[in-house]
Amino acid sequence: WMDCLARAAFGGVPRNFAGSAWTALWEDYSYWHLCEAAAPAAAVRTLEARSGHQVEVLQDSPLVVAVRGFLNESDCQGLMGMLGKDELTRAHVGGSGSTGTSDARETLTKNMFINWGEDNLLSSTSARFFDIASELFGSEIPYEGQEP
């Protein structure tokens, strides 16, 4: 994807410049923190999950919750390491029964497939996510076949 970025940026730039610019401009916390400029939404109520996590209910219908601190910094870094940022591709958008990329959407993505037979950071994080969701909905959501 870096070759594509180099070809498309400003009519084409050297690949090493595109890579350096990407790293310098967009791969640090200060850039992405701009997305969090607004104050967090106020909770309607707060629940404590069986896992001990504080679950803030932001809206009841449809149900919208926030579990702040669900992952610590080490977990975030570990998941990002498992992701492999060099393997990110342009995200697809759907419509009319098909999907494709869009110049209007600048999101990069990669699927992370969970091996439920392995005890690793991805499977344990996903299990914790589904356990909290099951508790909130009052019905068990099975791990297999879900997209976290």
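Refer to the preceding data block for the structure.
Residues numbered from 1 in each chain as written. Predicted model: local features only at pLDDT ≥ 70, side-chain atom pairs only at ≥ 80, totals over all residues. Heavy atoms only, no water.

(A) Inspection of the side chain of Asp75 at higher detail. Note that Asp75 resides in helix 4 (residues 73–83). The buried charged residue Asp75 lacks any salt bridge partner; its closest oppositely charged side chain belongs to Arg128, at an N-O distance of 4.1 Å. (Helix = DSSP H or I, 4+ residues; strand = E, 2+ residues; numbered from the N terminus. Buried < 20%, exposed > 50% of the residue type's maximum accessible area, 1.4 Å probe, protein only. Lys, Arg positive; Asp, Glu negative; His and termini not counted. Salt bridge = Lys/Arg side-chain N within 4 Å of Asp/Glu carboxyl O.)

(B) Broad picture of the sheet that holds strand 2 (residues 54–59). As summarised here, the arrangement of the three strands in space is 1-2-3, forming an open sheet in which the pairing is antiparallel. Edge strands, defined here as strands with exactly one partner in the open sheet, are strand 1 (45–48) and strand 3 (64–66). Each strand of the sheet is rotated relative to its neighbour by a mean of 35°, with strand direction disregarded. (Pairing = 2+ DSSP bridges. Axes fitted to C-alpha atoms, helices over the stretch in contact; angles between N-to-C directions.)

(C) Up close: the nonpolar core. Within the largest apolar cluster, five residues are counted, these being Met2, Ala6, Val13, Ala18 and Trp22. The set of elements that each furnish at least two residues to this core consists of helix 1 (2–8) and helix 2 (15–26). When residues no more than four places from it in sequence are discounted, the contact partners of Val13 are Ala6 and Ala18. (Core = buried A, V, L, I, M, F, W, Y, C linked by side-chain atoms within 4.5 Å. Contact = heavy atoms within 4.5 Å.)

(D) Looking closely at the pattern of salt bridges. Under the counting rule described, the total for this entry stands at three salt bridges. A salt bridge links Asp60 to Arg45, with the nearest nitrogen and oxygen atoms 2.6 Å apart. Here Arg45 lies in strand 1 and Asp60 lies in the loop between strand 2 and strand 3, a separation of 15 residues in the sequence. For Lys110, the salt bridge goes to Glu87, with nearest N and O atoms at 2.8 Å. Placement of the pair is Lys110 in the loop between strand 7 (108–109) and helix 5 (121–137) and Glu87 in the loop between helix 4 and strand 4 (89–90), with a sequence separation of 23 residues.

(E) Structural view of the environment of Ser102. Here Ser102 lies in the loop between strand 6 (98–100) and strand 7. Counting along the chain gives twelve residues from Ser102 to Arg90, while the straight-line C-alpha distance between them is 8.6 Å. With residues near it in sequence (within four places) discarded, Ser102 still touches Arg90 and Val93.

(F) Here's a closer look at the layout of surface pockets. In this structure, the second largest pocket spans a volume of roughly 200 Å³. Every residue lining the second largest pocket is listed: Leu63, Val64, Val65, Val67, Phe70, Phe129, Ile132, Ala133, Leu136 and Phe137. Of all the elements, helix 5 adds the most residues to the lining of the second largest pocket, at five residues. Classifying every residue of the lining of the second largest pocket gives ten nonpolar, no polar and no charged. (1 Å grid on protein atoms, 1.4 Å probe; cavity = no way out; pocket = protein on both sides within 12 Å on 5 of 7 lines; lining within 4 Å. Points joined across faces, edges and corners; volume = space filled by probe spheres on them. Nonpolar A, V, L, I, M, F, W, Y, C, P; charged D, E, K, R; others polar.)

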